[in-house]
Amino acid sequence: MTVQQALLVGIDQYPDPRNNLNSCIADTLAFRDILTAEYGVQPTQITLLHNQAATLDNVRTALDALFSGIRDGEKVVYFESSHGYRYPKGNTMVEVLCLYDAFLEDTELVSRSQAAPAGSLTVITDACHSGGLKIGRAHV
């Protein structure tokens, strides 16, 4: 697999210190090292968003950049190590990734990735409830 670009999000420190974690940034740095050493991804093609930089606005912007201009056969990776959460919304349980300042709902991740060609996106999450994320289409 040849990866063209990657977005790696890790959050150890949240606004409320009771929510802090201790290894999410280390996870992103280790994953970056795997991408560069094993998959030949250039460091300039990897975006890292850590702690206060991992806001909903910044992640949205970085996701849009990750998905823009992908051609058939190209691969991109989204990796996040952070808190996850789920809550009821009507008759549905909504799974979210907890960014520094807000939630990224699974449905938003799906909608932002819809224009990517089939088979181009790999999503890896290390967060509670992330097994329930509904990433959607067969292109993941």
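Read on for a plain summary of the structure. Just so you know, these numbers come straight off a predicted model, no measurement behind them.

Time to look at the pairing of strand β1 (residues 3-10). β1 sits mainly inside the fold: six of its eight residues count as buried. Judged from the seven bridges that link them, β1 and strand β3 (residues 75-81) form a sheet pairing that is parallel. Each bridged residue has a counterpart across the sheet, and for A6 the counterpart in β3 is V77. As paired strands, β1 and strand β2 (residues 46-50) are joined by five bridges and run parallel to one another.

Right, let's get into the nonpolar core. L7, V9, V59, L63, F67, Y78 and L104 are the most contacted members of the largest nonpolar core, which totals 26 residues. Every element with two or more residues in this core is listed here: β1, α2 (56-67), β3 and β5 (92-98). If one sorts the elements of this core by residue count, α2 sits on top with six residues. Those residues in contact with L104, other than ones at most four positions away along the chain, are L56, V59, L63, Y78, E95, V96, L97, L99 and L109.

On to unusual backbone geometry, then. Positive phi outside glycine occurs at N51, with the angle close to 45°. Topologically, N51 is positioned in the loop between β2 and α2. Take N51: its relative accessible area is 10%, and that puts it in the buried class.

Right, let's talk about the sheet that holds strand β6 (residues 103-105) for a bit. Sheet architecture is open: three strands sit in the order β4-β5-β6, paired in antiparallel fashion. Single-partner strands in this sheet number two, and they are β4 (83-89) and β6. Looking at each pair of strands side by side, their axes are set apart by 35° on average, direction ignored. Two elements, β5 and β6, share three bridges in a ladder whose sense is antiparallel. Residue L97 lies in a different strand from β6, and its bridge partner there is L104. Packing against the sheet, helix α3 (residues 106-113) makes contact with β5 and β6, and its axis sits at approximately 60° to β6.

In this model, helix α1 (residues 24-39) (16 residues) spans 21 Å end to end at C-alpha, consistent with the 22 Å of a helix rising 1.5 Å per residue. Among the residues of α1, C24, I25, T28, F31 and L35 are the ones counted as buried. Each buried residue of α1 lies within a common arc of 125° when the element is viewed along its axis, so the set occupies one face. Turned more than 90 degrees from where α1 packs its buried face, A37 and E38 sit exposed. Of the surrounding secondary structure, the elements contacted by the buried residues of α1 are β1, β2, β3 and β7 (121-126).

On to the sheet that holds β3, then. Overall, parallel pairing links the four strands, which are arranged β2-β1-β3-β7 in an open sheet. In this open sheet, the two strands that pair with only one neighbour each are β2 and β7. Ignoring strand direction, the axes of neighbouring strands in this sheet form an average angle of 10°.

Cut-offs used in this document
- Residues numbered from 1 in each chain as written.
- Predicted model: local features only at pLDDT ≥ 70, side-chain atom pairs only at ≥ 80, totals over all residues.
- Heavy atoms only, no water.
- Buried < 20%, exposed > 50% of the residue type's maximum accessible area, 1.4 Å probe, protein only.
- Helix = DSSP H or I, 4+ residues; strand = E, 2+ residues; numbered from the N terminus.
- Pairing = 2+ DSSP bridges.
- Core = buried A, V, L, I, M, F, W, Y, C linked by side-chain atoms within 4.5 Å.
- Contact = heavy atoms within 4.5 Å.
- Axes fitted to C-alpha atoms, helices over the stretch in contact; angles between N-to-C directions.
- Expected span 1.5 Å × (residues − 1).
- Arc of directions from axis to C-beta.

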